Amino acid sequence: MSPGTDEWSRRDVLKAAVAVGGAGALSACLDLADEPVPEGTSDLSTLPERQHAWNDLLARDGAENVELPRHQTFLYLTLDRDGTPTTADRRAVENALTTLDRAYERSNEGLIHSLAFSPAYFSRFDDPLPENVDLPEPRALSPFETPAFDRQDALLHLVSDRADALLEAEEALTGERDTANGVTMETPLSAAFSVDSRRTGFIGKGMPAERQDVGGVPDGKPVPEESPLFMGFKAGFAGNQATEEYVTIPDGPFAGATTKHVSKLRQRLDDWYVEQEFDDRVAEMFSPEHAAEGLVEGVGDNLGDSSGVTPEIVDRIREHAQQYGRVGHAQKAARANRDEEGNVRLLRRHVESTDDDEASLHFPVLQRRITDFEEVRRAMNGTDLTDEPAIRQRVNNGILEYIFVENRGNFLVPPRRLRALPTPTGEVPGL
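Predicted model, so just to flag it, every value in this text is computed and none were measured.

S.K.: For the pattern of salt bridges, give the residues involved together with the corresponding values.
M.R.: According to the stated counting rule, one finds 30 salt bridges in the structure shown. Among the salt bridges present, the one from Glu 137 reaches Arg 151, with a minimum N-O distance of 2.8 Å. With Glu 137 in the loop between helix H4 (119–122) and strand S3 (148–149) and Arg 151 in the loop between S3 and strand S4 (154–160), this residue pair connects regions lying 14 residues apart in the sequence. Where Arg 349 meets Glu 244, a salt bridge forms, and the shortest distance between an N and an O atom there is 2.7 Å. Of this pair, Arg 349 sits in the loop between strand S9 (347–348) and strand S10 (351–353) while Glu 244 sits in the loop between helix H6 (207–210) and strand S8 (258–267), and the two are 105 residues apart along the sequence. For the pair formed by Arg 349 and Glu 244, the shared burial category is buried. The network of salt bridges with shared partners includes Asp 61, Lys 205, Lys 234 and Asp 301.

S.K.: So what's going on with unusual backbone geometry? Residues and values would help.
M.R.: Even without being glycine, Glu 64 reaches a positive phi, approximately 70°. Tracing the sequence through the fold places Glu 64 in the loop between helix H2 (22–32) and strand S1 (71–79). Among the residues examined, Glu 64 registers a relative accessible area of 48% and is labelled partly exposed. Of note in this structure, Asp 357 is not a glycine but carries a positive phi near 55°. You can call Asp 357 exposed: its relative accessible area is 60%.

S.K.: Any details on the layout of surface pockets? Residues and values, ideally.
M.R.: Approximately 930 Å³ is the volume attributed to the largest pocket. What lines the largest pocket is a set of 44 residues, and nearest its centre among them are His 329, Ala 330, Ala 333, Asn 337 and Arg 348. When residues of the lining of the largest pocket are traced back to their parent elements, those giving at least two are S8, helix H10 (311–315), helix H12 (329–333), strand S11 (360–367), helix H13 (370–381) and strand S12 (403–413). In the lining of the largest pocket, the residues fall into 23 nonpolar, 13 polar and eight charged. In this structure, the second largest pocket is lined by 32 residues; those nearest its centre are Asn 65, Val 66, Glu 67, Leu 68 and Ala 235. Tallied by class, residues from the lining of the second largest pocket come to eleven nonpolar, eight polar and 13 charged.

S.K.: Residue-level account of helix H3 (residues 87–103), with values.
M.R.: Spacing of three or four residues puts side chains on the same side of an α-helix, whose turn is 3.6 residues. For H3, built from 17 residues, the straight-helix expectation of 24 Å at 1.5 Å per residue is met to within 8% by its first-to-last C-alpha distance of 24 Å. For H3, a buried count of twelve out of 17 residues is recorded, marking the element as mostly surrounded by other parts of the structure. For H3, the full list of buried residues reads Asp 89, Arg 90, Ala 92, Val 93, Glu 94, Ala 96, Leu 97, Thr 98, Thr 99, Leu 100, Asp 101 and Ala 103.

S.K.: Break down the environment of Asp 357 for me, with residues and values.
M.R.: Tracing the backbone through its elements, the reader meets Asp 357 in the loop between S10 and S11. When the C-alpha atoms of Asp 357 and Leu 156 are compared, they prove to be 23 Å apart, with 201 residues separating the residues in sequence. Those residues in contact with Asp 357 that lie beyond four places of it in its chain are Val 214 and Gly 215.

S.K.: Talk me through the side chain of Thr 99; I want residue IDs and the actual numbers.
M.R.: Tracing the sequence through the fold places Thr 99 in helix H3. Relative accessible area serves as the criterion here: at 9%, Thr 99 is assigned to the buried category. A distance of 2.8 Å separates the side chain of Thr 99 from the backbone oxygen of Asn 95, its partner in a polar contact. Sequence-distant contacts of Thr 99, defined by excluding residues within four places in its chain, comprise Val 183, Thr 184 and Met 185.

S.K.: Can you explain the confidence of the model for the protein? Please cite residues and give values.
M.R.: Chain-level statistics for the protein give a pLDDT mean of 95 and a share of 96% at 70 or above. Ignoring residues within four places in sequence, the model shows residues 1–5, a span with pLDDT below 50, making five contacts including any to other chains.

S.K.: Quick one: what's the story with helix H8 (residues 278–285), residue by residue and with numbers?
M.R.: Among the residues making up H8, those that are buried are Arg 281, Val 282, Ala 283, Glu 284 and Met 285. As for H8, its buried residues are in contact with helix H7 (270–275), helix H9 (288–292) and H12.

S.K.: Account for the pairing of S1, naming residues and giving values.
M.R.: Counting buried positions along S1 gives eight out of nine residues, so the element sits mostly inside the fold. Bridge count between S1 and S4: seven bridges; the pairing is antiparallel. By the bridge assignment for S4, Leu 77 is matched with Ala 154. As judged from the nine bridges shared by S1 and strand S7 (residues 193–202), these two strands associate in the antiparallel manner. Across the sheet, residue Leu 75 finds its bridge partner in S7, namely Arg 198.

S.K.: Pulling in residues and values, what's your account of the side chain of Lys 234?
M.R.: Positionally, Lys 234 belongs in the loop between H6 and S8. Take Lys 234: its relative accessible area is 13%, and that puts it in the buried class. A distance of 3.0 Å separates the side chain of Lys 234 from the side chain of Asp 61, its partner in a polar contact. Beyond its immediate sequence surroundings of up to four residues, Lys 234 is in contact with Asp 61, Asn 65, Pro 228, Leu 229, Val 299, Gly 300 and Asp 301.

S.K.: Explain the environment of Asp 387 to me, and be specific about the residues and the numbers.
M.R.: Along the polypeptide, Asp 387 turns up in the loop between H13 and S12. Engagement of the side chain of Asp 387 in a polar contact is seen with the side chain of Arg 318, the distance being 3.1 Å.

S.K.: Give a description of the packing of aromatic side chains that names residues and reports values.
M.R.: Two aromatic rings are characterised by how far apart their centres lie and by the angle between their planes. Evaluation of the coordinates by the stated rule reveals ten aromatic pairs. Centroid distance Phe 117 to Phe 122: 6.5 Å. Interplanar angle 65°. Geometry classified as edge-to-face. Ring geometry for Trp 272 and Tyr 402: centres 5.0 Å apart, planes at 65°, overall edge-to-face. Of the two residues, Trp 272 is situated in helix H7 and Tyr 402 in the loop between H13 and S12; the sequence distance between them amounts to 130 residues. Per residue, the accessibility class of Trp 272 equals that of Tyr 402, and both read buried. A connected cluster of aromatic rings, assembled from ring pairs, spans Phe 117, Tyr 121, Phe 122, Phe 125 and Phe 254. One residue, Arg 211, lies across the ring of Phe 202, its end atom 4.7 Å from the ring centre.

Analysis parameters
- Residues numbered from 1 in each chain as written.
- Predicted model: local features only at pLDDT ≥ 70, side-chain atom pairs only at ≥ 80, totals over all residues.
- Heavy atoms only, no water.
- Salt bridge = Lys/Arg side-chain N within 4 Å of Asp/Glu carboxyl O.
- Helix = DSSP H or I, 4+ residues; strand = E, 2+ residues; numbered from the N terminus.
- Buried < 20%, exposed > 50% of the residue type's maximum accessible area, 1.4 Å probe, protein only.
- 1 Å grid on protein atoms, 1.4 Å probe; cavity = no way out; pocket = protein on both sides within 12 Å on 5 of 7 lines; lining within 4 Å.
- Points joined across faces, edges and corners; volume = space filled by probe spheres on them.
- Nonpolar A, V, L, I, M, F, W, Y, C, P; charged D, E, K, R; others polar.
- Expected span 1.5 Å × (residues − 1).
- Contact = heavy atoms within 4.5 Å.
- Polar contact = N/O pair within 3.5 Å; in protein donor to acceptor, adjacent residues only side chain to side chain.
- pLDDT = per-residue confidence, 0-100.
- Pairing = 2+ DSSP bridges.
- Phe/Tyr/Trp six-rings, centres within 6.5 Å; stacked < 30°, edge-to-face > 60°.
- Lys NZ or Arg CZ within 6 Å of the ring centre and 35° of its normal.

Given below as structure tokens:
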């Protein structure tokens, strides 16, 4: 299909709409909508109690890997008062989120949302969080990063395959629109919160290629058309993801909750695509053995439901460092990403971004404890491997040479019953 056709114009509008936001972008999306957005439900008891329970609501590929919604918005929120929230604040938040539940089917074709709270939010209260809720303040997790820390009170994560649904919901939540998918927004979220930072993301085959004319990606359009991510490979293999059950806090006042770490990483892919050949990229993304054995074809669809990083490949990491002079990103992280029983510890839901016209990555990851993520990140750093002559802290050390951490934030995603400004003791007074 050539530029100038109706379909090309439609894709071009949708490409920019979510990133730009606002009433104009929403109007353009609504004009292009072919079908109505599926409506939600008035019977809220039919909705999942876990806010992070997305997998059963989403599409899957031929290998049964979950496909994340194509369009995503992250609203970092600040409570509009000092001290603890009021009953009015809680009612405003619950009413706004309930409106979304009634307006949009909870699915990739409608809208999925979750509201999470930071350590800074819980510090407003005198009571501490329960001992089984591991939610430290964000911190630098490598010796070579200096991130800004996201300490806003809350993070609202909105996702959909429908750009019009995403934008309309945001406009209604922020008081710029009276209705959401035909349902009146009587009390917007802005009655309690201000948006401190708005960030956007996307994922899906063709989307990075359409958006690669940004900083951080070299000229020549190197991103493969079929790739869902800027670095040219797929991710989120089912066999390398924790289950939603595993990352759920099982008991205590926040039973049904999970913790969420979100980082933003800037990407610099000139060397990735210009200096590296395909096999070099395979070696550094997966493992040198993947490259030597030709295990990856194209973007990695042939891998099925697993990255192919076996325990044997993990165990040979020093051997690979000595033989090939490099180690793989997935190979390093896998050293810490399973418990003693072999269960995967982290559930990653990362997406790309072109905010500020720069290639970047929003990396939400769910785990029972924030400490679980920190331990996997330390393994990914590969600092313990730098005593090998060829391995430096950022060179020949997975993909560290190409990604730069700009932000880190830690959040608790409570169950739906506690989503409206909970106390640390697991209550929502006044509701």
